[in-house]
Amino acid sequence: MGRKKTETGTAKAIKLWTGAIFAAFIATAAIYAALLQAEKSMLADYEKGEVCFAVKDVPKGQLITEENVREYFAMNEVDAKLIPETAIRKMEEIAGLIAAGHVDQGAMLTTGMFQTINEVTAGMKEPVVAGFRAEDLSQLVGGVLRAGDKIHVYATEEDGETVLIWENIYVQQVFNASGGYIENADLAGAAQRINVFLDKENVEEFYSRLEQGTLRVVKAWE
């Protein structure tokens, strides 16, 4: 009888020991799974993504080209959770665009900050670039015009009457009296020659009406 009791006790001890080991294994597995989940969560919290940032102020109307894109922008890593869906993630996406408004230094770039040439010339059947000049700076708002501005053009006719000959023209580029290109960031340069976007079918009428009198340009307030 004593032997049977001993064997039974041993079996129970083995079962308890086995159960304890199994329970410890389950607990360890659960802790390991919890640690893995915590690690994944922490990694997700610190996931990074590359986006484009402005390294200097970008004036409204500034045309971004392959030549000046790295002058204005650079790539940088930020927390992925802070990156909006409209963020610009490649420098190549910016070349050929126009700043729709002033972009501050340090700003993360999004597609809404820029517009394409097609957006500027929307509604034109065959957009072209036409140029004209003023004899005096007073005729071009004191020379403060820059690319991206919209202007209204008036002409003072021989009888002294001033008439509107064209309105809401988009300025494509501006130049000084010597023909030197003026960057939008140049606040000192005086614009005396300007290029504008026009529909080809309107160019002849535009120049004809300019010849009718002395040129006057008014900058549209936006």
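No experiment lies behind these values; they were computed from the predicted model shown.

## Considering the pairing of strand E1 (residues 48-54)
Piece 1. The buried fraction of E1 amounts to 5 of the 7 residues, a majority that puts the element mostly inside the structure.
Piece 2. Alignment of E1 against strand E2 (residues 73-79), held across 7 bridges, turns out to be antiparallel. Within the sheet, the bridge partner assigned to Gly49 lies in E2 and is Val78.

## Some remarks on the packing of aromatic side chains
Between two aromatic rings, the relevant description is the distance of the centres plus the angle of the planes.
Piece 1. Scanning all chains against the criterion turns up 7 aromatic pairs.
Piece 2. Consider the rings of Trp166 and Phe206, whose centres lie 5.8 Å apart with planes at 85°: the pair is edge-to-face. With Trp166 in strand E7 (residues 162-175) and Phe206 in helix H4 (residues 200-210), this residue pair connects regions lying 40 residues apart in the sequence. Each member of the pair, Trp166 as well as Phe206, carries the same accessibility label: buried.
Piece 3. For the ring pair Tyr170 and Phe197, a centre distance of 6.0 Å and an interplane angle of 45° mean the geometry is tilted. Of this pair, Tyr170 sits in strand E7 while Phe197 sits in strand E8 (residues 193-199); the two residues are 27 residues apart in sequence, bridging distant segments of the chain. Across this residue pair, the class does not change: Tyr170 and Phe197 are buried.
Piece 4. Connected via pairs of aromatic rings, a cluster forms that spans Phe132, Trp166, Phe206 and Tyr207.
Piece 5. When the ring centre of Tyr72 is taken as origin, the NZ or CZ atom of Lys56, which lies over that ring, is 5.1 Å away.

## Details of the layout of surface pockets
Piece 1. Of the pockets and cavities examined, the largest pocket occupies roughly 410 Å³.
Piece 2. If you trace the largest pocket, you find 20 residues lining it, with Lys60, Val144, Arg146, Asp149 and Lys219 closest to the centre.
Piece 3. Considered class by class, the residues forming the lining of the largest pocket number 8 nonpolar, 5 polar and 7 charged.
Piece 4. If you add up the space inside the second largest pocket, you get close to 190 Å³.
Piece 5. Lining of the second largest pocket is provided by 13 residues; of these, Met124, Asn168, Ile169, Phe197 and Leu198 occupy positions nearest its centre.
Piece 6. Among the secondary structure elements, those contributing two or more residues to the lining of the second largest pocket are E7 and E8.
Piece 7. For the lining of the second largest pocket, the element with the most residues is E7, which contributes 5 residues.
Piece 8. Class assignment for the residues of the lining of the second largest pocket results in 7 nonpolar, 3 polar and 3 charged.

Thresholds, definitions, all that
Residues numbered from 1 in each chain as written. Predicted model: local features only at pLDDT ≥ 70, side-chain atom pairs only at ≥ 80, totals over all residues. Heavy atoms only, no water. Buried < 20%, exposed > 50% of the residue type's maximum accessible area, 1.4 Å probe, protein only. Helix = DSSP H or I, 4+ residues; strand = E, 2+ residues; numbered from the N terminus. Pairing = 2+ DSSP bridges. Phe/Tyr/Trp six-rings, centres within 6.5 Å; stacked < 30°, edge-to-face > 60°. Lys NZ or Arg CZ within 6 Å of the ring centre and 35° of its normal. 1 Å grid on protein atoms, 1.4 Å probe; cavity = no way out; pocket = protein on both sides within 12 Å on 5 of 7 lines; lining within 4 Å. Points joined across faces, edges and corners; volume = space filled by probe spheres on them. Nonpolar A, V, L, I, M, F, W, Y, C, P; charged D, E, K, R; others polar.

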